[in-house]
Amino acid sequence: MILVVVEHDRGTMSPATWEALAAARALGEVHALTIGEAADGLVDQIGNFGATVVHQVHGDVLGDYGPEAWGEVVAQAVKALDPTVVLATGTDRGNEVMAHAAARLDMPMVANVIEFGSDELTRVRWGGSLLERCRLDAPVRLLTVAHHAFAADESPVAASATPLAVELDPVLSRTLVRDRVERAAGVTLATAPVVVSGGRGVGSAEGFAPLQELAAELGGVVGCSRAVTNNGWRNHTDQVGQTGTRIAPDIYIACGISGAIQHWVGAMASKKILAINTDPEANMVTKADYAVIGDLHQVVPAITAEVRRRRG
Amino acid sequence: MRILVCVKRVPAPGARINIAADGQAVDTAFLGFTMSPHEECAVEEAVQLVERHGGEATVLTLGPSEADEQLRYAASLGVARAVLLPITGPDWDPQRTASAITAAITDLEAADGAFDLILFGNESADSGGFQVGIRVAHALGRPMVNGIKGIDVDGDTLRARREADVGVEVYEVPMPAVLGVKEGINLPRYPTLKGRLASKKVDVAQVVPQAEAGGQQMVRLLPAAEQVSATVILGRGPDAAAAVVDMLQEIGVLK
Ligand SMILES: Cc1cc2nc3c(=O)[nH]c(=O)nc-3n(C[C@H](O)[C@H](O)[C@H](O)COP(=O)(O)OP(=O)(O)OC[C@H]3O[C@@H](n4cnc5c(N)ncnc54)[C@H](O)[C@@H]3O)c2cc1C
């Protein structure tokens, strides 16, 4: 049996979980594990993705998300249900919960798997710039599924719910979420349809004003490279890349960015990429769909002016 | 506050990552080395916390003897003490790394008292296993939250913030604690000349680690599928603006 740990936030299931459930179907019979009462309403949705049984865990320390409490639940579920494989999402929460479970079970765990072979697994390294084939010597395979590596295809079955009893030490409440600050509604870097990004070539914090204007004109937001955040020109929340945000806009306009691999992995899911760079050999230029060779300080305002001219 | 920061030496590739002929490692012949940006921020956070609350920061790494470079870099930013757990050959697996670090921490604490806070990077930049810090925390019986982008000290408690899809989550973790931090928690300083000179004199303690291999074994590295696109050059300089806007209309971005 393959056990999938359902990632949810107060009862809302994450899209990454749909992918994990879909990936699990190729491996065998799928059961799901939901943690906390808030997730009790997810049975039908889980059934849509092909899990036949949903093991529901309730407990005093499960009122909100908590990495240690969730990890302990997964560890106890492994002992009680004896699955051959446990899959969690390759997200902040999924990787964290699986690591807490693996530590408790004293078993290996493999993060961000993209391919399940009969005895070898393929996983991502370097945020996706490199792959690793690995072998796992373990009684139960504890794995997380890389986000976006599997399609979230549905395969509806009627899932049944069953309670799973666990014993949880009250001390686990020490890492529960205590408070939340909701994000103001609006377009974010991760979800924007257009991202106009600047790199070292922009030269200063003030140099971003023309990029901001073009972004506003196109209904998008401003992004940047790490060279920019390191210089203090923009806040890290604008950084695209391996240690920043992964984006997937309709178009990514990269101005004065060389296209280092750690930047590229954050931008490569963009539908189209336009590079504006003085260097025709820059990696960003050679990998982009479109390029303009030239000084961004002249090219960007010219594009904004042309957009305005056509709008009349 | 007594703070320990655990860092890893990783190559710093540019346009692409090349794999060595035997498939066992990244070809580093022409590469510099660094610590992951997450860990650079962890070092900065430790230095800032000591500046604000007093105490002392220590940096520790398990890696090749060349990782002395990353330890001294941390020292140049204001970390007082450095510990190297030297290994030879390929990277250790996550379980083995975690048990060696746990043993080293236990020894350091037996000699000089407990660390109030142990910081890790959210994940290592190269192998990205997402687990060493969590395994160490569990072995020490301490609370651990990963992905932290803000830390405030309030008596014996740490208020730690992390960004999620819906907003910011706040955790209140009792010390002694372990946290994994992400880049963006602060803006790391650059070393001063004075810092760099001082870092040359820091005594790096060396303890040869011993730990059994875990259950995850690397077979080989493979290149990620590369996106190949024939780039359409829309023009040179500001004169290209018309062609750019034509393209934006064509792909439906501009209606
Ligand atoms: C582990 C690790 C993680 C990392 N994570 C990230 C990450 O998340 N995001 C990230 O961005 N980086 C990341 N980096 C850093 C990355 O390796 C690069 O250093 C960084 O992306 C370079 O930024 P840049 O392209 O702006 O600067 P540069 O590489 O200096 O490139 C500047 C470009 O601007 C062009 N240019 C200059 N002037 C002009 C002009 N007037 N008009 C037009 N073009 C001009 C130049 O031709 C050049 O191509 C990471 C590095 C490591 C080691």
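Given the structure is predicted, the values throughout are model-derived calculations rather than measurements.

## A few points about the packing of helix 5 (residues 209-217) of chain A against helix 9 (residues 296-311) of chain A
Residue and element names in this part refer to chain A. Contact pair helix 5 / helix 9: the axes reach a minimum separation of 9 Å and the direction vectors enclose 30°. What the angle tells us is that helix 5 and helix 9 run roughly parallel. Our pair here, helix 5 against helix 9, has a crossing hand that is left-handed. On the side of helix 5, the interface is formed by Pro-210, Leu-211, Glu-213, Leu-214 and Glu-217, while helix 9 contributes Leu-296, Val-300, Pro-301, Ile-303, Thr-304, Val-307, Arg-308 and Arg-311.

## Some words on the interface of chain B and chain A
Contacts between the two partners involve 83 residues from chain B and, on the opposite side, 85 residues from chain A. Buried area between chain B and chain A, summed over both chains or domains, comes out near 7,100 Å², and the portion from carbon and sulfur atoms is 56%. It is Glu183(B), Gln216(B) and Leu222(B) that lose the most area in chain B upon contact with chain A, and together they represent 8% of the buried surface on that side. Linking chain B to chain A there are six salt bridges.

## Considering the sheet that holds strand 7 (residues 144-154) of chain B
Read from one edge to the other, the open sheet built from ten strands follows the order 12(A)-9(B)-8(B)-7(B)-10(B)-6(B)-1(B)-4(B)-5(B)-11(B), with strand pairing classed as mixed. One side of each edge strand has no neighbouring strand; the edge strands of this open sheet are strand 12 (177-182) of chain A together with strand 11 (204-206) of chain B. Pairs of neighbouring strands in the sheet enclose a mean axial angle of 30°, with direction left out of account. Here strand 6 (residues 117-121) of chain B runs beside strand 10 (residues 177-181) of chain B; their pairing, made up of five bridges, is parallel. Residue pairing across strands places Ile118(B) opposite Val178(B), the latter belonging to strand 10 of chain B. In the packing of helix 2 (residues 68-77) of chain B onto the sheet, the strands contacted are strand 4 (56-63), strand 5 (81-86) and strand 11 of chain B, and the crossing angle to strand 4 of chain B comes to about 165°. Along the sheet face, helix 4 (residues 132-140) of chain B touches strand 6, strand 7 and strand 10 of chain B and points at about 155° away from the line of strand 6 of chain B.

## Examining the domain arrangement of chain A
Residues and elements named next belong to chain A. Here chain A is described as being made up of domain 1 (2-174) and domain 2 (194-311). Its C-alpha centre places domain 1 at a distance of 37 Å from the equivalent point of domain 2. The interface of domain 1 with domain 2 comprises four residues on the first partner and five residues on the second. Both sides together, the interface formed by domain 1 and domain 2 hides about 360 Å², and carbon and sulfur atoms give 52% of it. Ranking the residues of domain 1 by area buried against domain 2 places Trp-126, Gly-127 and Ser-129 at the top, with a combined share of 91%. Counting across the interface, domain 1 meets domain 2 through zero salt bridges.

## Quick word on helix 1 (residues 37-53) of chain B
Residues and elements named next belong to chain B. Helix length check: helix 1 (17 residues) gives 24 Å between terminal C-alpha atoms against 24 Å at 1.5 Å per residue, within 8%. Along helix 1, 13 of the 17 residues are buried, which leaves the element largely enclosed by surrounding structure. Of the residues flanking the end of helix 1, it is Gly-54, one or two places downstream, whose phi is positive at about 80°.

## Quick word on the nonpolar core
Leu142(A) and Leu119(B) are the most contacted members of the largest nonpolar core, which totals 98 residues. With sequence-adjacent residues up to four places away left out, Leu119(B) is seen in contact with Ile3(B), Leu4(B), Val5(B), Cys6(B), Ala42(B), Glu45(B), Ala46(B), Ile151(B), Leu179(B) and Val181(B). With 34 residues, the next largest nonpolar core counts Val194(A), Leu211(A), Cys224(A) and Leu254(B) among its residues.

Calculation notes
- Residues numbered from 1 in each chain as written.
- Chains lettered and ligands numbered in written order.
- Predicted model: local features only at pLDDT ≥ 70, side-chain atom pairs only at ≥ 80, totals over all residues.
- Heavy atoms only, no water.
- Axes fitted to C-alpha atoms, helices over the stretch in contact; angles between N-to-C directions.
- Helix = DSSP H or I, 4+ residues; strand = E, 2+ residues; numbered from the N terminus.
- Parallel < 35°, antiparallel > 145°, perpendicular 65-115°, else oblique.
- Left-handed = near helix turned anticlockwise from the far one by under 90°.
- Contact = heavy atoms within 4.5 Å.
- Buried area = accessible area lost by both parts, 1.4 Å probe.
- Salt bridge = Lys/Arg side-chain N within 4 Å of Asp/Glu carboxyl O.
- Pairing = 2+ DSSP bridges.
- Domains from an automatic or database assignment.
- Expected span 1.5 Å × (residues − 1).
- Buried < 20%, exposed > 50% of the residue type's maximum accessible area, 1.4 Å probe, protein only.
- Core = buried A, V, L, I, M, F, W, Y, C linked by side-chain atoms within 4.5 Å.

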